[in-house]
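# Commentary on secondary and tertiary structure
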Amino acid sequence: MAKKHTLGIDIGGSGIKGAPVDVHKGEFAADRRRVDTPEESTPDAVAALVEQMVDDFADEIGADTPIGLTVPAVVHHGVVRTAANIDPSWIGTDADDLFSQRLGRTVHVVNDADAAGVAEVHFGAGRGNTGVVLLTTLGTGIGSALFLGGELVPNTELGHLEIDGHDAETRAATSAREREDLSWEAWAERLQRYYSHVEDLLWPDLIIVGGGVSKKAEKFLPLLHTRAPIVPAQLKNDAGIIGAAWHTQHLG
Ligand code: BGC
């Protein structure tokens, strides 16, 4: 295979998943690989596994092509600034610099929801929408990505809106549904409260719902009433990897 693809790697709480991506088509160019996130998921421990993954994909990616990585945190100009659901030692890490040094090539690190949003806006449910598009990911936390005319406003962090005295993601993320064993109906009530609040603040033209649970969208999306259409993400679990690769390729 010609070495022309960009590697996208999604660093999550339970797994590190990566695949070479055809950034023109927005699809994987080879099967994805996954390793467990180490128990102590410090930047150095994660970097060692990422290094191994890059070696494993050596035949599919260009020797100098940049690599895109996602983390579930605010990434402000390459520096990780929060750590709601990852090891706190990430805070203050210049992740662009750390991974570029370790991997000997340009690496861009991006917030996980921003990466998923970029993929959906270019290749999935938000394709062609020139208005305000909001992607939310429902998982361990709630991630958000906001676009106007396809351009990302990075690090919106709308999962941490305070609603009824709570950090919203602690009540409405998939992890809250599982932890409290909520029925789809009970969870949908919480999502309704969340999306109504978000809509009152931002008035999006389209809301896209991502995260693993979007595979079961028919169980809860029909229970929600929003002004804007609310639709499931189309790229499902691949969105973070595809978006990370697209993003890094376009930053150069
Ligand atoms: C983090 C976000 C992240 C989201 C989804 C939140 O807790 O603050 O940065 O995008 O979880 O992983």
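Residues numbered from 1 in each chain as written. Predicted model: local features only at pLDDT ≥ 70, side-chain atom pairs only at ≥ 80, totals over all residues. Heavy atoms only, no water.

## Notes on the packing of aromatic side chains
Throughout the structure, instances matching the rule amount to 5 aromatic pairs. Relative to phenylalanine 220, the ring of tryptophan 184 lies with its centre 5.8 Å away and its plane at 5°, an arrangement referred to as stacked. On the criterion of sequence distance, the pair formed by tryptophan 184 in helix 6 (residues 184–202) and phenylalanine 220 in helix 7 (residues 217–220) is long-range, its members being 36 residues apart. When sorted by exposure, tryptophan 184 lands in the same class as phenylalanine 220, which is buried. The structure contains a cluster of three or more aromatic residues connected by ring pairs, namely Trp184, Trp187 and Phe220. Between arginine 33 and the ring centre of phenylalanine 57, over which it is positioned, the NZ or CZ distance is 4.9 Å. (Phe/Tyr/Trp six-rings, centres within 6.5 Å; stacked < 30°, edge-to-face > 60°. Helix = DSSP H or I, 4+ residues; strand = E, 2+ residues; numbered from the N terminus. Buried < 20%, exposed > 50% of the residue type's maximum accessible area, 1.4 Å probe, protein only. Lys NZ or Arg CZ within 6 Å of the ring centre and 35° of its normal.)

## Quick look at the site of the ligand
Looking at the ligand, there are 13 residues lining it, with Asn111, Asp112, Glu157, His160 and Glu169 nearest. In this structure, asparagine 85 approaches the ligand through a side-chain N or O atom, which is 3.1 Å from an oxygen atom. Within the side chain of histidine 160, a nitrogen or oxygen atom sits 2.7 Å from an oxygen atom of the ligand. When the free accessible area of the ligand is taken as 310 Å², the share hidden by the protein chains comes to 94%. (Near = heavy atom within 4 Å. Polar contact = N/O pair within 3.5 Å; in protein donor to acceptor, adjacent residues only side chain to side chain. Areas by Shrake-Rupley, 256 points an atom, 1.4 Å probe, with all protein chains shown as cover.)

## Comments concerning the domain arrangement of the protein chain
With domains assigned, the protein chain is organised as domain 1 (6–114 + 238–251) and domain 2 (125–234). Centre-to-centre, using C-alpha coordinates, domain 1 lies 24 Å away from domain 2. Counting residues at the interface gives 9 residues for domain 1, matched by 15 residues for domain 2. Approximately 780 Å² of surface area, both sides summed, lies buried where domain 1 meets domain 2, with 48% of it carried by carbon and sulfur atoms. It is Asn85, Ala113 and Asp114 in domain 1 that bury the most area against domain 2; as a group they hold 61% of the surface buried on that side. Seen at the junction of domain 1 and domain 2, the total is 0 salt bridges. (Domains from an automatic or database assignment. Contact = heavy atoms within 4.5 Å. Buried area = accessible area lost by both parts, 1.4 Å probe. Salt bridge = Lys/Arg side-chain N within 4 Å of Asp/Glu carboxyl O.)

## With respect to helix 2 (residues 95–103)
Among the residues of helix 2, those classed as buried are Ala95, Asp96, Leu98, Phe99 and Leu103. Here the buried residues of helix 2 occupy an arc of 170° about the axis, which is enough to place them on one side. N-capping of helix 2 is provided by aspartate 94, with a side-chain oxygen placed 3.5 Å from the backbone N of aspartate 96. Positive backbone phi, at 65°, marks glycine 104, one or two positions downstream of helix 2. (Arc of directions from axis to C-beta.)

## Notes on the packing of helix 1 (residues 43–56) against helix 2
Their axes nearest at 10 Å, the elements helix 1 and helix 2 cross at an angle of 45°. If you check the angle between helix 1 and helix 2, you find them oblique. The element helix 1 and its partner helix 2 pack so that their crossing is right-handed. Residue-level contacts link Pro43, Asp44, Val46, Ala47, Ala48, Val50, Glu51 and Val54 of helix 1 to Leu98, Phe99, Arg102 and Leu103 of helix 2. Of the residues contributing to the contact of helix 1 with helix 2, the split by class is 9 nonpolar, no polar and 3 charged. (Axes fitted to C-alpha atoms, helices over the stretch in contact; angles between N-to-C directions. Parallel < 35°, antiparallel > 145°, perpendicular 65-115°, else oblique. Left-handed = near helix turned anticlockwise from the far one by under 90°. Nonpolar A, V, L, I, M, F, W, Y, C, P; charged D, E, K, R; others polar.)

## Concerning unusual backbone geometry
Here glutamate 157, not a glycine, exhibits a phi torsion of approximately 55°, which is positive. With respect to the secondary-structure elements, glutamate 157 resides in the loop between strand 11 (151–153) and strand 12 (162–163). A positive phi angle, close to 50°, is found at aspartate 181, a residue other than glycine. Considering the arrangement of structural elements, one finds aspartate 181 in the loop between helix 5 (174–179) and helix 6. On the accessibility criterion, aspartate 181 (68% relative accessible area) is exposed.

## Some remarks on the packing of helix 3 (residues 112–123) against helix 8 (residues 239–251)
Each pair of packed helices gets described by two things: the angle between the helix axes and the distance between those axes. Where helix 3 meets helix 8, the closest approach of the two axes is 7 Å, and the angle between their N-to-C directions is 85°. The angle between helix 3 and helix 8 falls in the class roughly perpendicular. Across the interface between the two elements, Ala115, Ala116, Val118, Ala119, Glu120, His122 and Phe123 from helix 3 touch Ala239, Gly240, Ile242, Gly243, Ala244 and Trp246 from helix 8. A breakdown of the residues in the contact of helix 3 with helix 8 according to their chemical character gives 9 nonpolar, 3 polar and 1 charged.

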